[in-house]
Amino acid sequence: MKARAFDYRRVASVAEALDAYAACSGEARYLAGGQSLLPALNLRLDAPDLLIDIGRIEALRGIAIDGESLRIGALTRHAETLASPLIGAHAPILTQAAAYMAHPAIRNLGTMGGSLSLADPASELPACMRALGATLEITGPDGVRAVAADDFFRDLYETALVPGELLTAVRVPLAAPGSRMHFSEIARRRGDYAMVGLAANLVLADGIVTSARFGFCSVGPTPMRAPATEAMLTGRPLDPDAIAAARAALAEDLSPDDDDSLSGAARMHLARVLLGRVLATLGDGRVEAVAA
Amino acid sequence: MIAPQPLAVTVNGSPVRRFVEPRLSLADFLRGDLGLTGTHLGCESGACGACIVNLDGQPVHACLMLAVQVDGMRVDTIEGLSDAGVLADLQAAFHARNALQCGFCSPGILVVAHDCLASWDASGTVPSREAIRDALSGNYCRCTGYEAIVDAIESTARARRNRGVAA
Ligand SMILES: Cc1cc2nc3c(=O)[nH]c(=O)nc-3n(C[C@H](O)[C@H](O)[C@H](O)COP(=O)(O)OP(=O)(O)OC[C@H]3O[C@@H](n4cnc5c(N)ncnc54)[C@H](O)[C@@H]3O)c2cc1C
Ligand code: FES
Ligand code: FES
């Protein structure tokens, strides 16, 4: 199918993008990598009047350490996430997650900002941001504001972005000493969205878990934290008993709905299997600490 | 009224200037405006990989890109890559291994394989069949010629390695 007609404007700065949005009398959409927007247009699931192409705004690029955080520009492509030594060193779950996202040609265009703004609960990066305790930098007509990933994802495809605002960057706190991270997912086919995915970010001190943050994909309307499971692990060694207790506690955190592809019970089972696998990987010394 | 927009792009090494409607996809521009029908369209939603071309040297889906977006960039299609001869050994291996049946998926697969072979050649490794399958995970072959396609890519990587392409 072909997209319905729309107007197109390429902008060179964030200010120009915001102005173009404000000036549009109909419906406008920002166009980043287009890897979710163009399929939606081609399938006529969406039919805006204007596309504002933000793809060449230089200020939205770049990955750098800035104070206590790693700042990742919204236009960072999935292929760049996969290849970035800085991301690999400080937020390895993002590198691991990017390898599960779609296929190489899609990773060459799809962007971090596009994925987070779309907020598909099945996608990998939103779950990672919750596990990492990231902060999202949002720019609107009134300036820049920072929103914690925990507050950004509101509901199915619904975020804290007000129409017209731009997600400009993500800030990931530099890993605490003793951090261990791992991302894994269960999918039907390489590159397909996960039936369930898990980003885990633990801090261990002298073998004891001092902090646990999980971000699950595909088990609820948003990327999901697991507070009871996180609390269950905290303060104890990451041994088989703790892993069994965490797997049991997951029932308090998640209750996925039935859908056309999988029953809620099957999804819950897979989430438990995945939690066990990821914790076993983190517990058996195979994963090195991110920061010593 | 939505006015057509000016577009200047280098396609297969030649500069091209046109006015295009914003909604025109890169794939339709290549096929309809330039007659480069080697770029195939299957799903128009990023799932089948038949439309993959190189944009500034990297594979992308031409169905998920607007023609206006590529202004100032370089596009190389299967026609350009074939004429440049850079695919000759790979194409011969596809022929020899019976990896071409109806040929609908072949342009996208050749562009992707060409890109991967460049990085495998550079690293001096012969990819595992697993790695080849992973690289092709976004390309559907409706004739299900996958075994033969993996054979052809693997044998090309091996032959290049033996000839010392990497060196
Ligand atoms: C076949 C296929 C398979 C895929 N598989 C996966 C997968 O397994 N996992 C996965 O996570 N994704 C997958 N994707 C989606 C892909 O990763 C997209 O790249 C990503 O979701 C959107 O990023 P984009 O830059 O292309 O955004 P676009 O498509 O350009 O935009 C998406 C939405 O976000 C808005 N937007 C974009 N950038 C900003 C910004 N900076 N500020 C505010 N709003 C913005 C746009 O207006 C639009 O509404 C797949 C896509 C395809 C076609
Ligand atoms: S036509 Fe582009 S991926 Fe199928
Ligand atoms: S050879 Fe026919 S689709 Fe692949």
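Rules of the game
Residues numbered from 1 in each chain as written. Chains lettered and ligands numbered in written order. Predicted model: local features only at pLDDT ≥ 70, side-chain atom pairs only at ≥ 80, totals over all residues. Heavy atoms only, no water. Helix = DSSP H or I, 4+ residues; strand = E, 2+ residues; numbered from the N terminus. Contact = heavy atoms within 4.5 Å. Axes fitted to C-alpha atoms, helices over the stretch in contact; angles between N-to-C directions. Parallel < 35°, antiparallel > 145°, perpendicular 65-115°, else oblique. Left-handed = near helix turned anticlockwise from the far one by under 90°. Buried < 20%, exposed > 50% of the residue type's maximum accessible area, 1.4 Å probe, protein only. Pairing = 2+ DSSP bridges.

This paragraph deals with the environment of Arg142 of chain B. All names here are of chain B. Secondary-structure assignment places Arg142 in the loop between helix H5 (129-135) and helix H6 (146-163). Between the C-alpha atoms of Arg142 and His95, which are 47 residues apart in sequence, the distance is 17 Å. When residues no more than four places from it in sequence are discounted, the contact partners of Arg142 are Gly42, Cys48 and Phe104.

Moving on, we come to the packing of helix H11 (residues 240-253) of chain A against helix H12 (residues 264-283) of chain A. All names here are of chain A. Viewed as axis vectors pointing N to C, H11 and H12 meet at an angle of 150 degrees, and their least axial separation amounts to 10 Å. Relative to H12, the element H11 is oriented roughly antiparallel. The handedness of the crossing between H11 and H12 comes out as right-handed. Between H11, through Ile243, Ala246, Arg247, Ala248, Leu250 and Ala251, and H12, the contact on the second element is made entirely by Met268, Ala271, Arg272, Val273, Leu275, Gly276, Leu279 and Ala280.

Take Thr229 of chain A: it is sitting in helix H10 (residues 227-233). Sequence-distant contacts of Thr229 of chain A, defined by excluding residues within four places in its chain, comprise Phe214, Ala246, Ala249, Leu250, Asp253 and Leu275 of chain A.

Our focus in this paragraph is the pairing of strand E6 (residues 135-140) of chain A. All names here are of chain A. In terms of residue burial, E6 counts as a mostly covered element, since five of its six residues are buried. Two elements, E6 and strand E7 (residues 143-148), share six bridges in a ladder whose sense is antiparallel. Directly across from Ile138, in E7, lies its bridge partner Arg145. Count of turn residues in the E6/E7 antiparallel hairpin: two residues. As paired strands, E6 and strand E10 (residues 166-173) are joined by five bridges and run antiparallel to one another.

Looking now at the sheet that holds strand E5 (residues 69-73) of chain A. Residues and elements named next belong to chain A. Pairing within the open sheet is antiparallel, and its five strands lie in the order E4-E5-E10-E6-E7. Strands at the two margins of the open sheet, each flanked by one partner only, are strand E4 (63-66) and E7. This sheet shows a mean twist of 25 degrees between the axes of neighbouring strands, independent of strand direction. Bridging between E5 and E10 involves five bridges; their strand directions are antiparallel. Its bridge partner being in E10, Leu70 is matched across the sheet by Val172.

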